[in-house]
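Structural description and commentary
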Amino acid sequence: LSCETGRIEDGLATAIEAAHGERLLLLDQADWLSPDYLDQMLAAARERSCELVIPFTPREDAPRSARLQLLATDAELHHGAVDLLAEEVLQSAFGMLADASLMRAAAQSTTDPGLLALDLFDRASCVAVLETSSLHRDLPVWPGPLDPARYERCERQHERLLALFAAWGLAADEESMTALHRHHLVGVIRCIENACLGAGHLSSIERRQRVQDMIDDHLTRDSIEALRSSSGEFGLMFAPIARRSAAACFLGARIRGVVGRVFAPWPFARPFATLS
């Protein structure tokens, strides 16, 4: 198959439409699977009769044996989404195994990988979360090449999450909303760092304006207000964003990069470490 536009969304739409299998699994071009990955995912789907299986790759210090968590009731699904957000498991649809009918229904709304993950989760009536180390995804290099569309994707995903949390009855749940705003602000900080330091042909004036637009956005302001009591979690970056200072964000991004790479293992430097 070929996609002339070169857009990942169009490529995924073409692939989903052409696929003939009962279940579909999406992969990014840099992803790779251990030999037992598909067996694990298919077994999880069949064992629990789930429409959607979401892989969760544990951190290095976590147990490596495959474990399965079932989310079948509304309460389990909705509060499970909060936990999955904290672990950044719902960032992308890549690696997820879904019934073809569910995937095609979700793809009618969007094939943006981030939004598609949320739409799949919202439409599924039974979700299995499989803890496995058999999916390998390349983590983005900090701060990465300059990505002009990164902030737009971050905001689209946050707006979709706000709508989902409201539909799920979580908008009045302080703990859930705090987790949602934390997830958003981490994403905004990464976008700021990318705009400040990402390799690309953009003048310092243009970069600073991009950062200013990010920190002035009403969604960013809402997250800042919601997280003032836990500002220490965000190290050097919270105060500049709260003060709407693009210049201070540039300075903070540079310091965080240097200190995070050199001193992150030291306890006294943890507040300055780069979010990863």
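It should be noted that the structure appears before, not after, this text.
Residues numbered from 1 in each chain as written. Predicted model: local features only at pLDDT ≥ 70, side-chain atom pairs only at ≥ 80, totals over all residues. Heavy atoms only, no water.

**Quick notes on the nonpolar core**
By size, the foremost hydrophobic cluster in this structure holds 40 residues, and its most contacted members are Leu52, Ile54, Leu90, Leu120, Phe121, Val127 and Phe165. Going through the elements one at a time, helix H1 (8-18), strand E3 (52-56), helix H3 (74-86), helix H4 (100-107), helix H5 (113-123), strand E6 (127-131), helix H6 (150-167) and helix H7 (174-197) are the ones with two or more residues in this core. Once you skip the residues sitting within four places of it in the chain, Val127 turns out to touch Cys50, Leu52, Ile54, Gln69, Leu70, Leu71, Leu77 and Phe121. In this structure, Ala195, Val211, Leu227 and Ile241 belong to the second largest nonpolar core, which totals 24 residues. (Core = buried A, V, L, I, M, F, W, Y, C linked by side-chain atoms within 4.5 Å. Buried < 20%, exposed > 50% of the residue type's maximum accessible area, 1.4 Å probe, protein only. Helix = DSSP H or I, 4+ residues; strand = E, 2+ residues; numbered from the N terminus. Contact = heavy atoms within 4.5 Å.)

**Regarding the layout of surface pockets**
Of the volumes computed, that of the second largest pocket is approximately 170 Å³. What lines the second largest pocket is a set of 13 residues, and nearest its centre among them are Phe56, Gln69, Asp83, Leu84 and Val129. Here the lining of the second largest pocket takes four residues from strand E4 (residues 67-71), the largest share from any one element. Within the lining of the second largest pocket, the residues separate by chemical class into seven nonpolar, two polar and four charged. (1 Å grid on protein atoms, 1.4 Å probe; cavity = no way out; pocket = protein on both sides within 12 Å on 5 of 7 lines; lining within 4 Å. Points joined across faces, edges and corners; volume = space filled by probe spheres on them. Nonpolar A, V, L, I, M, F, W, Y, C, P; charged D, E, K, R; others polar.)

**Side note on H6**
Taking 1.5 Å of rise per residue, 18 residues should cover 26 Å, and H6 covers 26 Å from first to last C-alpha, within 8% of that figure. Of the residues making up H6, those classed as buried are Tyr151, Cys154, Glu155, Gln157, His158, Leu161, Leu164 and Phe165. For H6, the elements touching its buried residues are H3, H5, H7, helix H8 (204-216) and helix H9 (218-226). At the C-terminal side of H6, Gly169 shows a positive phi close to 80 degrees. (Expected span 1.5 Å × (residues − 1).)

**Description of the packing of H4 against H5**
Viewed as axis vectors pointing N to C, H4 and H5 meet at an angle of 125 degrees, and their least axial separation amounts to 9 Å. Comparing their axes, H5 and H4 come out oblique. H5 is crossed by H4, and the crossing has right-handed handedness. Listed contacts from H5 to Leu102, Met103, Ala105, Ala106 and Ala107 of H4 are Leu116, Asp119, Leu120 and Arg123. Counted by class, the contact of H4 with H5 contains seven nonpolar, no polar and two charged residues. (Axes fitted to C-alpha atoms, helices over the stretch in contact; angles between N-to-C directions. Parallel < 35°, antiparallel > 145°, perpendicular 65-115°, else oblique. Left-handed = near helix turned anticlockwise from the far one by under 90°.)

**Things to note about the environment of Ser230**
Along the chain, Ser230 turns up in the loop between H9 and helix H10 (238-242). For the pair Ser230 and Thr178, spaced 52 residues apart in sequence, the C-alpha to C-alpha distance is 9.6 Å.

**Notes on the pairing of E3**
Counting buried positions over the five residues of E3 gives five, a clear majority of the element. Relative to strand E5 (residues 97-99), E3 is paired through two bridges, and the arrangement is antiparallel. What sits directly across from Val53, in E5, is Leu97. Pairing between E3 and E6: five bridges, direction parallel. Across the sheet, Phe56 pairs through a bridge with Glu131, a residue of E6. (Pairing = 2+ DSSP bridges.)

**Observations regarding the side chain of Thr220**
Among the secondary structure elements, Thr220 is positioned in helix H9. Other than its neighbours up to four places away in sequence, Thr220 contacts Tyr151, His184, Val188, Met214, Ile215 and Ile241.

**Description of the packing of aromatic side chains**
Aromatic ring pairs: the centre-centre distance and the angle between the two ring planes describe each pair. Applying the stated rule across the entire model yields three aromatic pairs. The ring of Phe250 carries Arg208 above its face, with NZ or CZ at 5.5 Å from the centroid. (Phe/Tyr/Trp six-rings, centres within 6.5 Å; stacked < 30°, edge-to-face > 60°. Lys NZ or Arg CZ within 6 Å of the ring centre and 35° of its normal.)

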